[in-house]
Amino acid sequence: GKFDAYVLVFIHLGSRKVFCTPATFNPDEKWVMQQARNAAMWMQDEGIKPMMLLMDHDTKFTVQFRYFWKKMKVRPKRLPVGAPDANAYCESFLSRLKGECLNHFVIFSLSQMEYVVQTWVDHYLWERPHRGVGNNVLDSGLAPQTKGEVCCRVRLGGLIKSYYRAVA
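As the structure is a computational prediction, the values presented were derived from the model and not from experiment.

## Considerations on helix H2 (residues 63–71)
Helical geometry: 3.6 residues make up each α-helical turn, so side chains three or four residues apart lie on a common side.
So, point 1. Within the sequence span of H2, burial applies to Phe65, Phe68 and Trp69. End-on, the buried residues of H2 take up no more than an arc of 90°, which puts them together on one face. In H2, the exposed residues that point more than 90 degrees away from the buried face are Val63, Gln64, Tyr67, Lys70 and Lys71.
So, point 2. Here the buried face of H2 lies against strand E1 (9–11), helix H1 (29–46) and strand E3 (52–55).
So, point 3. Residue Lys73 follows H2 closely and has a positive phi angle near 65°.

What follows is the structure, encoded as structure tokens:
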């Protein structure tokens, strides 16, 4: 049979950094709350101080979920019903994740999905240029190298290729 796996995505619009949760077949309220705690720890580690959390009207975003974010001094805000453009960054990210990655695989387990998604997210965060930030890699902190042999890093069976210069 077919099983749908779910992930929860948090995107910081200022930096475009993404936190993508591990997948689950049963995204209940308890799982969503745990992912909120994990995302909050990730934000703290990254030095991200969100002011607002945009979310849809999914019933899993409970009163407790919203209260958790309010305690963190983050204003939870529900998006208008049937208005995907109101959450364009997240919609775009999910479209890229599906189109550039997931649609190329037959996934057999949650652990395989976790590996594939996290490999692609790592590429998205640390190697892939982004038009929204001047066609640069997100927060690399590295100056482009002009010397050294050009090497190719291949992952996910060649789906992801990134190029770098070997240390000269």
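Moving on, there is more to tell.
## With respect to the pairing of E3
So, point 1. Side chains Leu53 and Met55 of E3 all project onto a buried face; the interleaved residues Met52 and Leu54 project onto a face where none is buried.
So, point 2. Assessed by its sense of winding, the connection that carries the chain from E3 through H2 to strand E4 (residues 75–78) is right-handed.

## Looking at the environment of Arg37
So, point 1. Structurally, Arg37 is set in helix H1.
So, point 2. On the accessibility criterion, Arg37 (34% relative accessible area) is partly exposed.
So, point 3. The sequence separation of Arg37 and Phe68 amounts to 31 residues, and the corresponding C-alpha distance is 8.4 Å.
So, point 4. A polar contact of 3.2 Å, which involves the side chain of Arg37, links it to the side chain of Gln34.

Criteria and thresholds
Positions within a chain are numbered from 1, following the residues in the order the chain's sequence is written. Selection of residues for local features in this predicted model requires a pLDDT of at least 70, selection of side-chain atom pairs for listing and counting requires 80 or more, and totals for whole chains, interfaces and linings are taken over all residues. Water and hydrogen atoms play no part in the side-chain values, which are based on all heavy atoms of the structure. Only protein chains enter the accessibility calculation, which uses a 1.4 Å probe; a residue is then buried when its area is under 20% of its type maximum, exposed when over 50%, and partly exposed in between. Numbering of helices and strands runs from the N terminus; a helix is a DSSP stretch of H or I covering at least four residues, while a strand is a stretch of E covering at least two. To obtain the arc, one takes the directions from the helix axis to the C-beta atoms. Contacts between residues were defined by any pair of non-hydrogen atoms, one from each residue, lying within 4.5 Å. By the criterion used throughout, a crossover qualifies as right-handed when its path from the first strand across the helix to the second strand runs clockwise, the strands pointing away from the viewer. Identification of polar contacts relies on pairs of N or O atoms within 3.5 Å, with a donor-acceptor requirement for protein atoms, meaning one able to donate a hydrogen and the other able to accept it, and with residues adjacent in sequence counted only if both atoms are side-chain atoms.

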